[in-house]
Structures are given as C-alpha cells and as structure tokens.
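# Secondary and tertiary structure notes
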Amino acid sequence: MAEDQTTLFRKSWGIYDALAAENYMHHRELTAIVATQLREVSDSGPWSLLDLGCGNARFLAPALPALLPSRYLGVDLSSAAMQEARETYLSGLDRAEFLEADMSEALRVQSGPWEVVYSSFAIHHLQLEAKRELLGLVAAALAPKGRFLWVDVFRRKGEDRETYLEGYLQTMREKWCRVSPADLDAACAHVAEFDFPEPLDDMMALAAQAGFRRAEVLAAFGQHHALLLSEPAQH
Ligand SMILES: C[S@@+](CC[C@H](N)C(=O)[O-])C[C@H]1O[C@@H](n2cnc3c(N)ncnc32)[C@H](O)[C@@H]1O
C-alpha cells in the first residue's frame, strides 16, 4: 500500500511521540495556552470537546479531568495512537470516546454542537481545498459561543512551501538531536513529503470566509502557533 500522510502515525507512532515528548514542537507551551482557554469555557457551563487528529492526546490529557468535559471525542486515522489515548493518557477520563476516521468525515457524522473543537498539528496535512472544507464544517459544528482552537505550523507571509521546508528541515537536523539518526531521518522524510502548512494570513482569510467573525493568534513559537477562531456566523 502506498504511504500517505498518516503512515508515520499509524505504523511508527513511537517516532512522532518521542519527538513530541522532547517538546521540539512546543507542545507544552501551546497546550498550556489551550488549557487556559478550556478553563474559561468550563467555567461558563457544561461543555463538550472534539479533538481532531487527537493522536494519543498526551499533552492535553492531564488538564481534562479537572475541567470535566461532558463529552470528549478524539478522532484520528491512527488506531495505535488512539489505543494509547484510551488505555493510558485518557484512561481516567469518564466519557472519553474515540473514532477512527478522517477529520472531515467525522464532522459530517458528529454534527455537534460542540463548545470546543481542538486540533493540534494535524490540519497541515490536508491540501488547501480540504482545509477550506474543514474550516466550514468546524464553523457549522460549533455552538454559538463555541471556540475552535487550532494549533499548527504555518508559513510566513509570502514564503513558499519549498523555502518553509528548507528552514524547518534544517532546524530538525540541527536541533532535534535527542532521537536516533534513523528516527530523525524518518521524521524528516515525513515532513518533506506530507507537511503542507499554509501562510498564516491566508488561513486567517479562509477562516473569515468559513464564517468565523473573530480570529486571533494566541501564541507563536517559531512556525508553531495557537489560533483561536470564534463567533461562527451561522448562529
Ligand atoms: C502530528 S500528529 C498530532 C497528534 C496530536 N494532536 C499532537 O498534537 O501531538 C498528527 C495526527 O493527525 C492524524 N491525522 C492526519 N491526517 C488526518 C485526517 N485526515 N483525519 C484524521 N486524523 C488525521 C495523524 O494520524 C496523527 O495522529
């Protein structure tokens, strides 16, 4: 079977997980910012959380039991990652459910409304048209005061994908040294073939077209950003 953007996560989940555990993508800082948002939501009443491309949810998991979502649904195409979420990281969370599915397909069948949709480092794998479709589906699935928390890599204004990749791969080779050379090679090959981050300003415009009346950057660490998209127009 041909490799696709999820092959690394389905067959070699441990490679990505080891890199994430070293915090090379700033998961810790970005998830702390997301957790602050979730605290605000949970303080204003019952809330539900849809996690698109959840992986093993290891970074968000520690915050969730205290924030008591009425429902958590993790969606991913990697059963290996979701098995870890179910059996390890989210084993203490009542009401955690998982769905092995494509993100957009999941939004079509799990229509919501959701108080929070969250996605961390997954949407950059989609092509532009699929990103456009996904943003529309998320806007439609959110509750009137719902929030879409989108953590991901983005390109700079005017930067093409080739230039972005040159810079990102150079950083990986120079700074991501606490994994084996073979695992780093596999990770670099995955990024070079399957990462399609868009320019941030283009995504802000796409969010407005999808119906979000508010879009803000909550934080950025190099290419790694946390965005808050809210006030979906259909409500
Ligand atoms: C880089 S990992 C991120 C995992 C986790 N959210 C995190 O931040 O550590 C990307 C995840 O998105 C999943 N993924 C990629 N494309 C997907 C799609 N179209 N539908 C569902 N999951 C997808 C992969 O299987 C993988 O688990």
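The structure we're discussing is the one just above.
Residue numbers run consecutively from 1 along every chain, following the written order of its sequence. The predicted origin of the model limits local features to residues at a pLDDT of at least 70 and limits the giving and counting of side-chain atom pairs to 80 or more, whereas totals for whole chains, interfaces and linings rest on all residues. With hydrogens and water excluded, all non-hydrogen atoms of the structure serve as input to the side-chain values.

The next subject is the overall build of the protein chain. Labels follow the DSSP assignment, with helices taken as runs of H or I lasting at least four residues and strands as runs of E lasting at least two, numbered in each case from the N terminus. For the protein chain, the helix and strand inventory stands at 10 helices and seven strands. Dimensions of the protein chain, computed from the C-alpha atoms along their principal axes, are close to 45 × 40 × 35 Å. Counting the 235 residues in the protein chain, one finds 50% classified as buried. It only takes one pair of heavy atoms within 4.5 Å for two residues to be counted as in contact. Within the protein chain, counting contacts between residues at least 6 apart in sequence, those at least 24 apart form 71% of the total. For the protein chain, the accessible surface area stands at approximately 10700 Å², while carbon and sulfur atoms represent 51% of it. Here the positive residues are Lys and Arg and the negative ones are Asp and Glu; neither His nor the chain ends is included. For this purpose, a charge sits on NZ of Lys, CZ of Arg, CG of Asp or CD of Glu. Averaged over its 22 positive side-chain charges, the protein chain has a centre that lies 4 Å from the centre of its 34 negative ones. Partly exposed residues are those whose accessible area sits between 20% and 50% of the maximum for their type, while under 20% is buried and over 50% is exposed, using a 1.4 Å probe and protein chains only. A 1.4 Å probe and the Shrake-Rupley method give the accessible areas. Residues count as covered only by the protein chains that appear here.

Glancing now at the packing of helix H8 (residues 161-175) against helix H9 (residues 181-194). As a packed pair, H8 and H9 sit with axes 10 Å apart at the nearest point and diverge in direction by 170°. When the interaxial angle is binned, H8 and H9 end up roughly antiparallel. Here Arg161, Leu165, Tyr168, Leu169, Met172 and Arg173 of H8 come into contact with H9, specifically with Leu184, Asp185, Ala187, Cys188, Val191, Ala192, Glu193 and Phe194. For this classification, the nonpolar set comprises Ala, Val, Leu, Ile, Met, Phe, Trp, Tyr, Cys and Pro, the charged set comprises Asp, Glu, Lys and Arg, and every other residue, Gly included, is treated as polar. Residue composition of the contact of H8 with H9, by class: 10 nonpolar, no polar and four charged. Axis geometry follows a simple rule: fit a line to the C-alpha atoms, using only the stretch in contact for helices, then measure angles between N-to-C directions, giving values from 0 to 180 degrees. For this classification, under 35 degrees means roughly parallel, over 145 means roughly antiparallel, 65 to 115 means roughly perpendicular, and everything else is oblique.

Bringing the nonpolar core into the picture now. Note on soluble globular proteins: their nonpolar side chains tend to be buried together. Side-chain atoms within 4.5 Å link the members of a nonpolar core, which is a set of buried Ala, Val, Leu, Ile, Met, Phe, Trp, Tyr and Cys residues. Membership of the largest hydrophobic core comes to 47 residues, with the highest contact counts inside it found for Leu38, Leu64 and Tyr72. Looking at which element gives the most residues to this core, the answer is helix H2 (residues 13-21), with five residues. Excluding its chain neighbours within four sequence positions, the residues that come into contact with Leu38 are Trp47, Leu60, Leu64, Leu67, Val116 and Leu149. Ala106, Ala122, Ile123 and Leu227 belong to the second largest nonpolar core, which has 30 residues in total.

Right, let's talk about the sheet that holds strand E4 (residues 114-120) for a bit. For two strands to count as paired, DSSP must find a minimum of two bridges between them. Pairing within the open sheet is mixed, and its seven strands lie in the order E3-E2-E1-E4-E5-E7-E6. Either end of the sheet is taken by a strand with one partner, and the two such strands are strand E3 (96-100) and strand E6 (212-221). Averaged over all pairs of adjacent strands, the angle between strand axes in this sheet comes to 15°, irrespective of strand direction. In terms of strand pairing, strand E5 (residues 142-153) meets strand E7 (residues 224-232) through seven bridges, oriented antiparallel. For Leu149, the partnering residue across the bridge sits in E7 and is Leu228. Helix-sheet contacts for helix H7 (residues 128-141) involve strand E1 (48-52), E4, E5, E6 and E7, and the interaxial angle to E5 is about 145°.

Bringing the packing of aromatic side chains into the picture now. Note on ring pairs: Phe, Tyr and Trp rings are taken, using the six-membered ring of Trp, and paired if centres are within 6.5 Å. Classes follow the plane angle, with under 30 degrees stacked, over 60 edge-to-face and the rest tilted. Scanning all chains against the criterion turns up eight aromatic pairs. Note on Trp13 and Tyr16: the rings are 5.2 Å apart at their centroids and 55° apart in plane angle, and the pair reads as tilted. With Trp13 and Tyr16 both in helix H2 and three residues apart, the pair spans about one turn of that helix. Per residue, the accessibility class of Trp13 equals that of Tyr16, and both read buried. An aromatic cluster is built from Tyr24, Tyr164, Tyr168 and Trp176, whose rings are joined through pairwise contacts. Whether a charge sits over a ring depends on NZ of Lys or CZ of Arg being within 6 Å of the ring centre and within 35 degrees of the ring normal. Lying across the ring of Phe196, Arg161 places its NZ or CZ 4.0 Å from the centre.

Looking at the ligand, there are 20 residues lining it, with Tyr16, Gly53, Asp76, Asp102 and Ser120 nearest. Computed on the free molecule, the ligand has an accessible area of 590 Å², of which 97% lies beneath the protein chains in the complex. Any residue with an atom within 4 Å of a point lines the site, the site being either a cavity, points on a 1 Å grid over the protein atoms alone where a 1.4 Å probe fits but cannot get out, or a pocket, an open set with protein on both sides within 12 Å along at least 5 of 7 lines. What decides whether a molecule sits in a cavity or pocket is whether more than half of its atoms lie within 2 Å of the grid points. Comparing atom positions with the cavity grids shows the ligand to sit within the largest cavity. Residues that form the shell around the ligand fall into these classes: 10 nonpolar, eight polar and two charged. Being near a molecule or strand, for a residue, means having at least one of its heavy atoms within 4 Å of it.

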